[in-house]
Structures are given as structure tokens and as C-alpha cells.
Amino acid sequence: MKYFIGVDVGTNSVRAALVSDIGKIEQTAVEEIKIWNSPAKEIYEQSSDNIWQACCSCIKEVTKSVDVSDVKGLGFDATCSLVVLDRDGKPLAINHDGENERNVIMWMDHRAWEEAEVINRTRHDVLKYVGGKISLEMEIPKILWIKQNLPETWQNVGHFFDLPDFLTWKATGSLSRSVCSLACKFCFQANDQERTWNDDFLCKVGLVELTQDNHQNIGNVVLNPGEPCGQGLTHESAADLDLNPGTAVGTSVVDAYAGCLGTLGCSTGISSIDGGSSPPNLDKDKCVHGIETRLAMICGTSTCHMAVSLH
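From a predicted model like this one, the values you see are computed outputs, not experimental measurements. (Residues numbered from 1 in each chain as written. Predicted model: local features only at pLDDT ≥ 70, side-chain atom pairs only at ≥ 80, totals over all residues. Heavy atoms only, no water.)

### Some thoughts on the overall build of the protein
1) Next: When helices and strands are counted, the protein shows eleven helices and 17 strands.
2) Next: In terms of overall dimensions, the protein is globule-like: its C-alpha atoms have a radius of gyration of 20 Å, near the 19 Å expected for 311 residues.
3) Next: In terms of principal-axis extent, the alpha carbons of the protein reach across some 60 × 45 × 40 Å.
4) Next: Within the span of the protein, comprising 311 residues, buried residues form 48% of the whole.
5) Next: Long-range contacts, defined here as pairs at least 24 residues apart, represent 61% of the contacts in the protein between residues at least 6 apart.
6) Next: Carbon and sulfur atoms provide 48% of the accessible area of the protein, an area that totals close to 15000 Å².
7) Next: Within the protein, one finds 26 positive and 42 negative side-chain charges whose respective centroids are separated by 2 Å. (Helix = DSSP H or I, 4+ residues; strand = E, 2+ residues; numbered from the N terminus. Rg over C-alpha atoms; globule rule 2.2 N^0.38 Å. Buried < 20%, exposed > 50% of the residue type's maximum accessible area, 1.4 Å probe, protein only. Contact = heavy atoms within 4.5 Å. Areas by Shrake-Rupley, 256 points an atom, 1.4 Å probe, with all protein chains shown as cover. Lys, Arg positive; Asp, Glu negative; His and termini not counted. Charge placed at Lys NZ, Arg CZ, Asp CG, Glu CD.)

Here you go:
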């Protein structure tokens, strides 16, 4: 039997599942993760070290009764929180206390509301890809907040990761990013014509530094979700997880978008191509047919409504 591991990092906990190659969930595990918060200021922070340790614990738990040579791959999804590391890949403080352990600005952190307003006043064309207005929960306002409020952190920053991409980097050492994270939360332009950072936008909002060194701080190798990431698990991460070095790791996805994959397999009762009722076991063509009529509600700390377009 071959196995695969799925890891879901939510707001309050990490969950892992061991899944067989016929799609059966064999084992699951859950571990809580820390949150530091100041509700009056709407500040919510986490630790990337703590999150990784919880991932390790869950993965080791679900694989403890199988031969790890039978584990053929793993994938991560996570909340779109901002992870900040220094040039050596070490956690870097995102708070006025200078506490490096707290190096993750959570998705629901609202400290960057003024920065979001500044960005929206530019009325830049890039904003049309995020509904015409950037959310203060996206990463660009948070990065601008760091630049304006934490000069020491800004001077020492090496990498800004969306949390799903941090996890694949931690597992593989690859600095690649998922187009899912970048397009959804970093204003990366990904469409039929191009995949690129818009340097004019980054300069207009006051983040010219992100354009330097071929966008090294925010990513210049962009992959599709599920594409192989790096060379699989490094020796260090394999030791952390009790798995074999080189075990395949898929490029990550934002948690709500992982849930949206359910629209591909759901049985909706809508008319199929031949005019009949959709059967439970759809072939690929019938599965995609009518997909634009489906809505997925991904329920967690908040509920995300996800719809799919074929264009």
C-alpha cells in the first residue's frame, strides 16, 4: 500500500491525515498552535517554529504504524498569514517587543488598516485583480506596516512568505512560491497572458525594495499547486518528520482553495452532458461540466465562499 500525507494548518491547530492510494483516510492527528493577541488593537501573532513543530508532531503521529518507505508524498495547505525570516532563515520579530519567536502576522491581524487605505488611494490597475480594493488582511499592507513601524526588522529581513509557502520551504529548502498564495495575497499578476510582479505597483505603494535582486525577498520561482517542490524532503526536515529524505512535497495551496477542490468531486444533481442526472462517479469531462454553477463554503474560524471559473 502507498500512502500520502495532507497537512492543514488552520488558525488554532494543525491537522494531518494519512491517506491511502485509493483515497481512504487511514489516520488523523491534531495539535493546537499558539496565538499571541491584543484584541483591542486587533493584533494576532504566531510563531513559525511552533507551527512547524506541530506539523512534525502530527505527521509523526499519523505515520507511526506504517513503513515510511511506503509514504510517497505530502502536501501542505495553510492560512494566508505572513511569515518573516531574516537572511539566515531565522524568525524575525514582527512586534514592537522585539520578540523573534513571534514572527507571523496572522491572516486576521488588522494592524495594517492605514497602509491598506494608502494603497487603495493609488487606484492602481493591479487592484482590479482583487476586486478593486486591497484588504488589510492581505500581505502587501502588512509588509508596508513593517517597513513603516519596525525599522530594525526591515533592515534585516531576508524573506517574506505566505504561511503555505513557508511550510514547503521548511520541508524542502526551496524558495519557490505557489501561484495560489502570490496571486491571492501578494498582488502577483497571474493570468492567461503573464505571470509577473508589477514593479510599478510595488514602487507606487512604497515598497521598491521588494523589486530588488529579482524579487528575492518575495519569490521569483512560481509554481502551480501540486507541482513538485525542490528535491523533496531535505535530510534535516526528514529527520524532523521521521520520513525518508527525498520524499516528494507538492507545491502548497491556501486553505480555502484546498477546500474548493471539493467542487470537482461533489454530486450536485445538476443535468449532465447527456441530459440525465449526474452519477456519483463522474468521469473527468462530466466532473468539470457545470462546475461554474457550484459554490463551496469552507468553514473554519471564518467561512470562505469559493466559486470556480473556467476562464
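### Examining the pairing of strand S17 (residues 303-307)
1) Next: Alignment of strand S16 (residues 295-299) against S17, held across five bridges, turns out to be antiparallel. In the sheet register, Cys-299 faces S17, and the bridge partner there is Thr-303.
2) Next: Turn length for the S16-S17 hairpin, with the two strands adjacent in sequence and antiparallel, is three residues. (Pairing = 2+ DSSP bridges.)

### Remarks on the packing of aromatic side chains
1) Next: With the rule as written, the count across this model stands at seven aromatic pairs.
2) Next: Geometrically, the ring pair formed by Phe-161 and Phe-166 is edge-to-face, given 6.5 Å between the ring centres and 70° between the ring planes.
3) Next: For Phe-166, a relative accessible area of 2% corresponds to the buried category.
4) Next: On the basis of an interplanar angle of 45° and a centroid distance of 5.8 Å, the ring pair of Phe-166 and Trp-169 is categorised as tilted. Taken together, the residues span about one helical turn, with Phe-166 and Trp-169 both in helix H5 (residues 163-172) at a distance of three residues. In this pair, the class of Phe-166 matches that of Trp-169, namely buried. (Phe/Tyr/Trp six-rings, centres within 6.5 Å; stacked < 30°, edge-to-face > 60°.)

### Side note on unusual backbone geometry
1) Next: In the Ramachandran plot, Arg-123 falls in the positive-phi region, its phi being about 50° despite a non-glycine side chain.
2) Next: Note that Arg-123 resides in the loop between helix H2 (113-121) and helix H3 (139-149).
3) Next: Assessed through its relative accessible area of 74%, Arg-123 is described here as exposed.

### Here we look at the packing of helix H1 (residues 48-63) against H5
Packed helices, taken two at a time, are described by their axes: the angle between them and the distance between them.
1) Next: Where H1 meets H5, the closest approach of the two axes is 11 Å, and the angle between their N-to-C directions is 65°. When the interaxial angle is binned, H1 and H5 end up roughly perpendicular. Here H1 runs over H5; the crossing is right-handed. For the pair H1 and H5, contact is made by Ser-48, Ile-51, Trp-52 and Cys-55 and by Leu-163, Phe-166, Leu-167, Lys-170 and Ala-171, respectively.
2) Next: For the contact of H1 with H5, a count of residues per class yields seven nonpolar, one polar and one charged. (Axes fitted to C-alpha atoms, helices over the stretch in contact; angles between N-to-C directions. Parallel < 35°, antiparallel > 145°, perpendicular 65-115°, else oblique. Left-handed = near helix turned anticlockwise from the far one by under 90°. Nonpolar A, V, L, I, M, F, W, Y, C, P; charged D, E, K, R; others polar.)

### A few points about the side chain of Asn-120
1) Next: Relative to the helices and strands, Asn-120 resides in helix H2.
2) Next: In this structure Asn-120 touches Leu-127, Lys-133 and Ile-134, once residues within four positions along its chain are discounted.

### Side note on H3
1) Next: Within H3, eight of the eleven residues are buried, which leaves it mostly tucked inside the rest of the structure.
2) Next: Turning to H3, its buried residues number three or more, namely Glu-139, Ile-140, Pro-141, Lys-142, Ile-143, Leu-144, Trp-145 and Ile-146.

### Description of the pairing of strand S2 (residues 13-20)
1) Next: With six of its eight residues buried, S2 lies for the most part within the structure.
2) Next: Relative to S2, strand S1 (residues 3-9) runs antiparallel, the two being bridged by seven bridges. Its bridge partner being in S2, Val-9 is matched across the sheet by Val-14.
3) Next: Between S1 and the antiparallel strand that follows it, S2, lie three residues.
4) Next: Sheet topology places S2 next to strand S3 (residues 25-32); seven bridges connect them, and they run antiparallel. Considered in S3, the bridge of Arg-15 is made with Val-30.
5) Next: Where S2 folds back on S3, the antiparallel hairpin that results is connected by four residues, among which Gly-23 adopts a positive phi of roughly 90°.

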